[in-house]
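In case you want the letters, here they are:
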There are 2 protein chains.
Amino acid sequence: MRTLKLTLAYDGTDFAGWQVQPDERTVQGELEQALARVTGATIRTVASGRTDAGVHALGQVVSFDSDSRLSPEDLLRALNACLAADVRIVDAQEAKPGFHAIRDCRGKRYRYVLHDGAVPDVFLRRYAWHVYERLDANAMHVAARSFLGRHDFRSFAARSDMPRGTERTVTAASVRRGEGPERALVRFEVEADGFLHHMVRAMVGTLVEVGRGRREADWPAEVVAARDRRHAGRTAPPQGLFLVEARYDA
Amino acid sequence: MRTLKLTLAYDGTDFAGWQVQPDERTVQGELEQALARVTGATIRTVASGRTDAGVHALGQVVSFDSDSRLSPEDLLRALNACLAADVRIVDAQEAKPGFHAIRDCRGKRYRYVLHDGAVPDVFLRRYAWHVYERLDANAMHVAARSFLGRHDFRSFAARSDMPRGTERTVTAASVRRGEGPERALVRFEVEADGFLHHMVRAMVGTLVEVGRGRREADWPAEVVAARDRRHAGRTAPPQGLFLVEARYDA
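Residues numbered from 1 in each chain as written. Chains lettered and ligands numbered in written order. Predicted model: local features only at pLDDT ≥ 70, side-chain atom pairs only at ≥ 80, totals over all residues. Heavy atoms only, no water.

**Let's talk about the interface of chain A and chain B**
On the side of chain B, 23 residues touch chain A, which itself brings 23 residues to the contact. Regarding the contact of chain A and chain B, the summed buried area is about 1600 Å², with carbon and sulfur atoms giving 68% of it. There are four salt bridges connecting chain A and chain B. Ionic pairing is found between arginine 126 of chain B and aspartate 11 of chain A, a salt bridge with its closest N-O pair at 3.8 Å. Where chain A touches chain B, the interface holds four residue pairs in polar contact (both at pLDDT 80 or more). Elements that contribute at least two residues to the side of chain A that touches chain B include exactly strand S1 (2-10), strand S3 (56-66), helix H2 (72-82) and strand S4 (87-95) of chain A. The greatest single-element share of the side of chain A that touches chain B, amounting to four residues, is contributed by S4 of chain A. Classifying every residue of the side of chain A that touches chain B gives 15 nonpolar, two polar and six charged. (Contact = heavy atoms within 4.5 Å. Buried area = accessible area lost by both parts, 1.4 Å probe. Salt bridge = Lys/Arg side-chain N within 4 Å of Asp/Glu carboxyl O. Polar contact = N/O pair within 3.5 Å; in protein donor to acceptor, adjacent residues only side chain to side chain. Helix = DSSP H or I, 4+ residues; strand = E, 2+ residues; numbered from the N terminus. Nonpolar A, V, L, I, M, F, W, Y, C, P; charged D, E, K, R; others polar.)

As C-alpha cells, this is what we get:
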C-alpha cells in the first residue's frame, strides 16, 4: 500500500461541492470514479476540507491509499484523461505512509473576489460576486485586520455545533483593489489554521457592509467579540470563493 | 427616429454567434428580443461585424434606429434587466442620424489568448486555446510583424469569394507572453481596417506553427505572399478569440 497526495484545481460552478452525495455531481464522486477506472480498485479519498456547491479550488489537496504501481506522473496523466474539463489534477506526489489530507493540514488560504464595476462582467459571473455600490477597499482592509490572531469565530460559523470548537487562528487577512484592467476587482485573502463552515463567506458579507459604508471599519471587531452569528453580515454567495492552498509540513 | 449606438460584451460560449439564425441562441436574437420588450417595437440591429459561435466580445458595437424616447442610460438599464447574464450592454449613446455600425467602422481590434501551461486550466477552458507544447512567443512576435501593412489576406480567408475583396490593412500585430501568474498565457493582438471571415483564427493557426518550432519565423510572410488558404495553418478554435474594440470617427 502506498499513500498518494494529489493537488486539484476545479471550477465549482457545475458541482454540488466536494463531498459525495447521492444523485449529485461532486468533485469527490468524479475523482473516485476516475481512480476506479485507472486503478481498477475502489478508492476512498480525503480532501483538506469540503468546498460547498459553486466554490472553486486552485489547490485542493487530496490523499488516498492505493496498491496501484503507477508513477505519480502517469497517474496524473491517466486521471486527467478520464476527468471532465472542469477538474484537473495539477500535481501528484508520493506521500509518507499514512499521510492524511485533513489530519495533517497545517493551514489553508482562501481568496474571495468581489467586482464593483458599473455593469456586471460577463466573464466574471461565475468567479466573482458583483455588487453595484462602489466598495471602499481601504476601509475593508482595516476591518479585515480585526480577524487576525486567535479568536472564537462563532459569529462566522454556519452552525454552532462545531465538533472541534469554534476557535481558530487567522495568520493573514487583507483586502486589496486591483490595478489597471483589474481596478473593479476587490480581493479578500485570508489564511488560518482552519476554517469553520461558511466562515470566509460570512466574513465577506461582514466586510462588504463596511465597504458599502453602512458600517464603520471597527464594526467587524465587535462582530468577532459578540460570538453570535446574528451579529455578522449575510453569507456571501459561493461563486467568488477560491480555496487557494492547503499547507502541510514538508 | 433616433439612431442609437450600443457597446456590448458577451461570453460567446453558449451562443451560436452574433447573427440571428432559426432555432439557435444568438446574441443578435437575444438583443432584438430585449429591444422589443423594452420599446414595444420590432427593431433590427446591425453589429460592427459578425462573431462566430464561441467567440467572445469585450466591445462589440451595435447600431439601430428607434422612435423610443428612453434616455441611453435608461435603455442600458432596461436592456440589461432583460438580457441573460452572458451578455451585457456596457455603454449606450445617442449617435448621429444614420450612423451604421458596419458601414462607418474604421477598424477593429481582436485578441487571441493561448495557454501553454503543463496542465489545462479549468478557469480558462472557455477563454483560451490550450496547447501542450511550450510556445516561443518571441518567434511568434517576429512572425506576426509580417502581417503589418496592406496585403491580400486570401491565405487567411475562409472562402475566396469575399464580396469586398481580400485586401486589408493591418495596423498593429503583436504577440506577448504574460508575466507572474499569467506566464503561461500568450496573447496575440491584431488591429486592422477590416477582417476576412476566420482571418484572425487562421493567423493564430499559422503563428502557432512557428511557436511550436515546426516553422521558422519568416514562414508567415511566405503564407501571406502565397495568397492560397492551403498554405496557412489550421483555423484556431473559437474560444480564445475576443473582439476587443470597433473604432469609429468621433
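**Thoughts on the environment of alanine 92 of chain A**
Residues and elements named next belong to chain A. Note that alanine 92 resides in strand S4. Owing to a relative accessible area of 10%, alanine 92 belongs among the buried residues under this scheme. A C-alpha to C-alpha distance of 18 Å links alanine 92 and glycine 49, two positions 43 residues apart in sequence. (Buried < 20%, exposed > 50% of the residue type's maximum accessible area, 1.4 Å probe, protein only.)

**A closer look at helix H5 (residues 219-226) of chain B**
All names here are of chain B. When we look at burial in H5, the residues that qualify are Trp219, Pro220, Val223 and Val224. Down the axis of H5, the buried set is contained in an arc of 145 degrees. They therefore lie on one face. In this structure, the buried side of H5 is in contact with helix H3 (137-144), strand S7 (149-152) and helix H4 (199-211). One or two positions beyond H5, positive phi appears at arginine 227, with a value near 50 degrees. (Arc of directions from axis to C-beta.)

**Some details on the relation of the copies chain A and chain B**
Rotating chain A by 180 degrees about the axis while translating it 0.0 Å along that axis superimposes it on chain B, leaving an RMSD of 0.0 Å. The operation mapping one copy onto its partner corresponds to a two-fold rotation axis. When each C-alpha of chain A is compared by its distance to the rotation axis, phenylalanine 123 of chain A comes out closest, at 5.2 Å. Most of the interface of chain A is mirrored in chain B: 100% of its interface residues are interface residues there too. (Least-squares fit on C-alpha atoms with pLDDT ≥ 70 in both.)

**Digging into the layout of surface pockets**
Empty space within the largest pocket amounts to approximately 2500 Å³. Lining the largest pocket are 48 residues; nearest its centre among them are Glu182 of chain A together with Leu124, Glu182, Leu185 and Arg187 of chain B. Secondary-structure elements contributing two or more residues to the lining of the largest pocket are strand S5 (107-115) and strand S9 (185-192) of chain A together with strand S5 (107-115) and strand S9 (185-192) of chain B. Taken together, the residues of the lining of the largest pocket sort by class into 30 nonpolar, five polar and 13 charged. (1 Å grid on protein atoms, 1.4 Å probe; cavity = no way out; pocket = protein on both sides within 12 Å on 5 of 7 lines; lining within 4 Å. Points joined across faces, edges and corners; volume = space filled by probe spheres on them.)

**A look at the pairing of strand S8 (residues 167-177) of chain A**
Residues and elements named next belong to chain A. Bridge count between strand S7 (residues 149-152) and S8: four bridges; the pairing is antiparallel. Directly across from histidine 151, in S8, lies its bridge partner arginine 168. Bridge analysis of S8 against S9 gives seven bridges, and the strand direction is antiparallel. In the sheet register, alanine 173 faces S9, and the bridge partner there is valine 190. (Pairing = 2+ DSSP bridges.)

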